[in-house]
Amino acid sequence: CRFAWQGVALLPFINEERLLAAMKSLDSEFTEEEKLRNSIGDDLLFVKETHSIVLKLKETHPDFFSTTSGNEEQTFELTAPSCDNLFGTLLRSTIGAGISKFLV
């Protein structure tokens, strides 16, 4: 992990193998949303429409937020300082609605 807040707390009193085995029998009872929530995926970044990242995207990639097909694979590289010192790649997502449809 690059930052302490990204770490995973390991609880010494939990037997991981036993816990995973017990949870395995419940897998068939989970909804698709619960299965997605329990899987490894992309990090989500939620910002207001007036945030500098959104303003920069609207300026440089005006069709990024468009819901028309053809721009699903479009990405945007976050670079500091123009993106509030955030780095990474912004990808379109099928999760959420409106601006929240986009992942970092």
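For every chain, the first residue of its written sequence is number 1, and the numbers climb from 1 along that sequence. Local features in this predicted model are restricted to residues whose pLDDT is 70 or higher, and side-chain atom pairs enter the listing and the counts only when it is 80 or higher, whereas totals over whole chains, interfaces and linings include all residues. In computing side-chain properties, one takes all heavy atoms of the structure into account and sets aside hydrogens as well as water.

Another aspect to go through is the overall build of the protein chain. Labels follow the DSSP assignment, with helices taken as runs of H or I lasting at least four residues and strands as runs of E lasting at least two, numbered in each case from the N terminus. Helix and strand content of the protein chain: 3 helices and 3 strands. Mapped in sequence order, the helices and strands of the protein chain form the string α-α-α-β-β-β. Within the protein chain, counting contacts between residues at least 6 apart in sequence, those at least 24 apart form 33% of the total. Accessible areas in this description were obtained via Shrake-Rupley with a 1.4 Å probe; residue shielding takes into account the shown protein chains only. Per element, the accessible surface of the protein chain, about 8,400 Å² overall, is 57% carbon and sulfur. Throughout, a residue-residue contact means that at least one pair of heavy atoms, one from each residue, lies within 4.5 Å.

Now for helix α1 (residues 16-24). Within α1, only 0 of the 9 residues are buried, leaving the element largely exposed. In protein, a polar contact requires one atom able to donate a hydrogen and another able to accept it; more generally it is a pair of N or O atoms within 3.5 Å, and residues adjacent in sequence count only if both atoms are side-chain atoms. A distance of 3.2 Å separates the backbone nitrogen of E17 from a side-chain oxygen at the start of α1, and that oxygen is part of N15. Partly exposed describes any residue whose relative accessible area lies between the buried limit of under 20% and the exposed limit of over 50%, with all areas from a 1.4 Å probe on protein chains only and scaled to the type maximum.

All right, on to the pairing of strand β1 (residues 75-78) then. Alternating residues of β1 divide into F76 and L78, all buried, and T75 and E77, none buried. Strands are labelled as partners when DSSP assigns at least two bridges between them. Summarising the sheet, β1 and strand β2 (residues 88-92) pair through 4 bridges and their orientation is antiparallel. By the bridge assignment for β2, T75 is matched with L91.

Bringing the nonpolar core into the picture now. Buried together is how nonpolar side chains tend to be arranged in soluble globular proteins. I53, V54, L57, F64, F65, F76, L78, C83 and L90 form the largest nonpolar core, which has 9 residues in total. Contributions of two or more residues to this core are made by α3 (52-60) and β1. For our purposes a nonpolar core is just a set of buried Ala, Val, Leu, Ile, Met, Phe, Trp, Tyr and Cys residues, chained together by side-chain atoms within 4.5 Å.

What is shown is where atoms sit, not what they do.
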